[in-house]
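# Understanding the architecture of this molecule
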Amino acid sequence: MKYFFIFLPVSFLFVSCGFNGSSEDEKADDSIENQKDEDENGEQVSSDEISFEVHMEELYGDWVLIGVGADRMGPGVAPVGEIMFAFRDNGSMTVATEGREEIKVNLAGIPSPYEIKDKKLCSDDIMFKLQFKQPCAEIIRLNEGRMSIKIEIPGGAGFMYKHFVKLDD
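Residues numbered from 1 in each chain as written. Predicted model: local features only at pLDDT ≥ 70, side-chain atom pairs only at ≥ 80, totals over all residues. Heavy atoms only, no water.

## Quick look at unusual backbone geometry
Positive phi outside glycine occurs at Asp-118, with the angle close to 60°. Tracing the backbone through its elements, the reader meets Asp-118 in the loop between strand 7 (115-117) and strand 8 (120-122). At Lys-133, a position not held by glycine, the phi torsion is positive, near 60°. Inspection of the secondary structure puts Lys-133 in the loop between helix 4 (126-132) and strand 9 (136-143). Owing to a relative accessible area of 48%, Lys-133 belongs among the partly exposed residues under this scheme. (Helix = DSSP H or I, 4+ residues; strand = E, 2+ residues; numbered from the N terminus. Buried < 20%, exposed > 50% of the residue type's maximum accessible area, 1.4 Å probe, protein only.)

## Quick look at helix 3 (residues 100-109)
The set of residues buried in helix 3 consists of Ile-103, Asn-106 and Leu-107. The buried side chains of helix 3 occupy one side of the element, clustering within an arc of 100° when seen end-on. In helix 3, those exposed residues whose orientation departs by more than 90 degrees from the buried face are Glu-101, Lys-104, Val-105, Ala-108 and Gly-109. In the core, the buried residues of helix 3 are packed alongside strand 3 (61-69), strand 4 (84-87) and strand 5 (92-96). (Arc of directions from axis to C-beta. Contact = heavy atoms within 4.5 Å.)

## Observations concerning the pattern of salt bridges
Within this structure, the stated rule accounts for four salt bridges. We note a salt bridge from Glu-101 to Lys-104, for which the minimum N-O separation is 3.5 Å. A residue pair is termed a helical-turn pair when its members lie 3 or 4 positions apart in one helix, as Glu-101 and Lys-104 do in helix 3 at three residues. By relative accessible area, Lys-104 is classed as exposed at 53%. Between Lys-117 and Glu-115 there is a salt bridge, and its shortest N-O distance comes to 3.6 Å. In this structure Lys-117 comes out as partly exposed when scored by relative accessible area, which is 45%. According to the relative accessible area criterion, Glu-115 is partly exposed, its value standing at 43%. It is possible to trace a salt-bridge network through shared partners that takes in Asp-62, Arg-88 and Arg-100. (Salt bridge = Lys/Arg side-chain N within 4 Å of Asp/Glu carboxyl O.)

## Quick look at the side chain of Ser-112
The residue Ser-112 is located in strand 6 (residues 112-113) in this model. Judged by its relative accessible area of 12%, Ser-112 falls in the buried class. Here Asp-125 takes part through its side chain, which lies 2.6 Å from a polar atom of the side chain of Ser-112. Residues contacting Ser-112, with those up to four places away along its chain left out, are Gly-91, Ser-92, Met-93 and Asp-125. (Polar contact = N/O pair within 3.5 Å; in protein donor to acceptor, adjacent residues only side chain to side chain.)

## A few points about the confidence of the model for the protein
With 69% of its residues at a pLDDT of 70 or more, the protein shows a mean pLDDT of 76. Between residues 1-48, whose pLDDT stays under 50, and residues either more than four places distant or in other chains, the model counts 16 contacts. (pLDDT = per-residue confidence, 0-100.)

## Comments concerning the environment of Met-147
Mapped onto the elements of the fold, Met-147 is located in strand 10 (residues 146-152). Distance in space between the C-alpha atoms of Met-147 and Val-54 is 8.5 Å, their sequence separation being 93 residues. Ignoring sequence-local partners within four residues, the contact set of Met-147 consists of Leu-59, Trp-63, Phe-87, Ile-139, Arg-141, Leu-142, Lys-162, His-163 and Phe-164.

Structure follows, in structure tokens:
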């Protein structure tokens, strides 16, 4: 019993020291992560954010939807089933749900026109409007084989984001 009374305060001391908050190294890392950098336009950008550059020439190819959500950074919830888009440099696009073979068939048989207006992708195609809820959708990221599209939720309820990955040729 005597050892118990000695062991108890020593244990409490160890536990208290272990949970006293961040170490100095962690505090230094946090301050580095929270420093602000200036982008090309002189605007302040947090250094821990992902760069969302848009290189429109990277649009051409086949894309698969990997997620939908309210977070512009993350993939969100994966769709039920596969949804693929194909964009070609001649202004033709299509949507497919059964793989790349369907993309080839759809592009040959029923291609839909699209156009790029600044950083917006626009089309009068019914499948495009079903997917993006509007005739023009803003591309907020298009680089390194990733694409994110910002979609305004009807009724002014905010925005959702669709995230795509480019398929290898």
